Amino acid sequence: FSKRIIGSFDEAKRLTARLPVTDARRYLLAALLSDSSEERFCNLRFAARLGSASACFELAQALLSGENGLKRDSELALQYLHCAESVHYAPALHLLHFLKSGEVLPEDTSENRIAYLMAEISS
């Protein structure tokens, strides 16, 4: 790793620790910095409980796919998606549209999802 990447990582760790425990952004950052998928999902769950649309969406994706050792649970995934949908979170709207109609919308890309996640963290 270059010093710049390590410096950014250390800075993000310090920022995470300075955010209040009632701020979903603390757990979103912690999820991004997690060493394991278990730690990542734990942080995403905390962020989702605090109202993070990005966290709800990421958890829904994981529950739909059963990735990283999570048990597939489409009912819980839909609950998370509807929470994200209630605040008009575009990736959730696209995924729900896909689940209902089977059509994939071109705007639903990983780059867009990352952009939404970063926008929520920086808010």
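These numbers come from a predicted model, not from an experiment.

Enquirer: What am I meant to see in the packing of aromatic side chains here?
Expert: Two descriptors summarise a pair of aromatic rings, namely the distance from one centre to the other and the angle between the planes of the rings. Inspection of the entire model under this criterion finds two aromatic pairs. Note on tyrosine 27 and phenylalanine 46: the rings are 5.2 Å apart at their centroids and 25 degrees apart in plane angle, and the pair reads as stacked. Of this pair, tyrosine 27 sits in helix H2 (residues 24-33) while phenylalanine 46 sits in helix H3 (residues 37-49), and the two are 19 residues apart along the sequence. Residue class for phenylalanine 46 comes out partly exposed when judged on its relative accessible area of 36%. Above the plane of the ring of phenylalanine 46 lies arginine 49, whose end atom (NZ or CZ) is 5.4 Å from the centre.

Enquirer: Just to check I follow, could you spell out the pattern of salt bridges for this structure?
Expert: It is possible for side chains of opposite charge to pair when their charged atoms get near one another. Evaluation of the coordinates by the stated rule reveals two salt bridges. Between aspartate 23 and arginine 25 there is a salt bridge, and its shortest N-O distance comes to 2.7 Å. One salt bridge in this structure joins arginine 40 and glutamate 58, with 3.5 Å as the shortest N-O distance. One end of the pair, arginine 40, is in helix H3; the other, glutamate 58, is in helix H4 (residues 53-65), with 18 residues separating them in the sequence.

Rules used in this analysis
- Within each chain, residue numbers correspond to sequence positions counted from 1 in written order.
- Residues qualify for local features only when their pLDDT is at least 70, as the model is predicted, and side-chain atom pairs are given and counted only at 80 or more; totals for whole chains, interfaces and linings, by contrast, use all residues.
- To obtain the side-chain values, all non-hydrogen atoms of the structure were included, while hydrogens and water were left out.
- Side-chain rings of Phe, Tyr and Trp, where Trp is taken by its six-membered ring, are said to pair if the distance between their centres is within 6.5 Å; with planes under 30 degrees apart they count as stacked, over 60 as edge-to-face, and otherwise as tilted.
- Put simply, DSSP marks the helices as runs of H or I at least four residues long and the strands as runs of E at least two long, and each gets a number from the N terminus on.
- Each residue is assigned to one of three classes by its accessible area relative to the maximum for its type, calculated with a 1.4 Å probe on protein chains only: buried under 20%, partly exposed between the two thresholds, exposed over 50%.
- Comment: the charge-over-ring label is applied if NZ (Lys) or CZ (Arg) is within 6 Å of the ring centre and within 35 degrees of the ring normal.
- One speaks of a salt bridge when a side-chain nitrogen belonging to Lys or Arg is within 4 Å of a carboxyl oxygen belonging to Asp or Glu.

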